[in-house]
Amino acid sequence: MRTLSAFILVLFFCLNHITGAQTSYDEFVRIKDIIPDIAVDLKYATTDNVFDQQKLYTANECYMLKELAYRLKLVQDSLRNVRSFNGSDYPEGLGLKIWDGYRPRSVQYVMFDIFPDPTFVANPDNGSGHNRGGAVDVTLIDISTGQELFMPTGFDDFSDAAGHDYPKHLLHPIVYNNREYLKSIMLNVGGLSYYIAEWWHYQLSDNNKYPLMDFQMK
Ligand SMILES: [Zn+2]
């Protein structure tokens, strides 16, 4: 009997390992611990957001899967070396500003209740890449001033102009170049995937293999 219990216990641990169910809070990191100079401005930790101006997060602390954090580190290391781009000089280089990273699944339900359009807000029954810690919403900044570069729209502007397919001729050339530059560095240096309807959203291409999580930030 004791042998059988031991066998079941070993089987349980093996299955847990094989199915990837070992992903836990431990596999998440606080992005500032990996990239100290990254700008973090979680809009959902403030009332400055489109979801009825509700404060949906308990703290302006951005967490994500380690895998994604180290990819963003490659991007930030590369951006820091950009001293001149698109007609402007950047004495300390460019950097990323994060508007959203890991998002608790319970918050996804609140958001979908307010804005039930799956083009812009993932259905919480299936979950979003953000609920898995595998997605980020970002823009580019001048590191020396913290100023955001001009982009086609602000964050969470749910319009056609937010899409990567929004026509070039309808955008100012500087804005178009900024959008394309962000995309190329996130894809080519970060190895991430983009989302056609939102210029600010990037994610691990295999993020669906990670579980949906629901813990609040601290
Ligand atoms: Zn997003």
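Residues numbered from 1 in each chain as written. Predicted model: local features only at pLDDT ≥ 70, side-chain atom pairs only at ≥ 80, totals over all residues. Heavy atoms only, no water.

K.L.:
Any details on the side chain of His130? Residues and values, ideally.
P.N.:
Here His130 lies in the loop between α4 (105–114) and β7 (135–142). A distance of 3.2 Å separates the side chain of His130 from the side chain of His201, its partner in a polar contact. (Helix = DSSP H or I, 4+ residues; strand = E, 2+ residues; numbered from the N terminus. Polar contact = N/O pair within 3.5 Å; in protein donor to acceptor, adjacent residues only side chain to side chain.)

K.L.:
So, the coordination of the zinc ion: which residues are in play, and what are the values?
P.N.:
Looking at the zinc ion, one finds its protein donor set to be His130 (NE2), Asp137 (OD) and His201 (ND1), positioned 2.0 to 2.1 Å from the metal centre. Motif for the zinc ion, donor spacing along one chain: H-x6-D-x63-H. His130 gets classed as buried once you look at its relative accessible area, which sits at 2%. Among the residues examined, Asp137 registers a relative accessible area of 2% and is labelled buried. (Donors = N, O, S within 2.8 Å, 3.2 Å for Na, K, Ca; no water. Buried < 20%, exposed > 50% of the residue type's maximum accessible area, 1.4 Å probe, protein only.)

K.L.:
Outline the packing of helix α3 (residues 66–79) against helix α5 (residues 173–188), listing residues and values.
P.N.:
Relative orientation of the contacting elements α3 and α5 amounts to 130°, with a least axis distance of 9 Å. Regarding the angle of α3 to α5, the classification is oblique. When you trace α3 past α5, the crossing you get is right-handed. When α3 is examined against α5, the residues Leu72, Val75, Ser78 and Leu79 are found in contact with a partner set consisting of Tyr181, Ile185 and Met186. Within the contact of α3 with α5, the residues separate by chemical class into six nonpolar, one polar and no charged. (Axes fitted to C-alpha atoms, helices over the stretch in contact; angles between N-to-C directions. Parallel < 35°, antiparallel > 145°, perpendicular 65-115°, else oblique. Left-handed = near helix turned anticlockwise from the far one by under 90°. Contact = heavy atoms within 4.5 Å. Nonpolar A, V, L, I, M, F, W, Y, C, P; charged D, E, K, R; others polar.)

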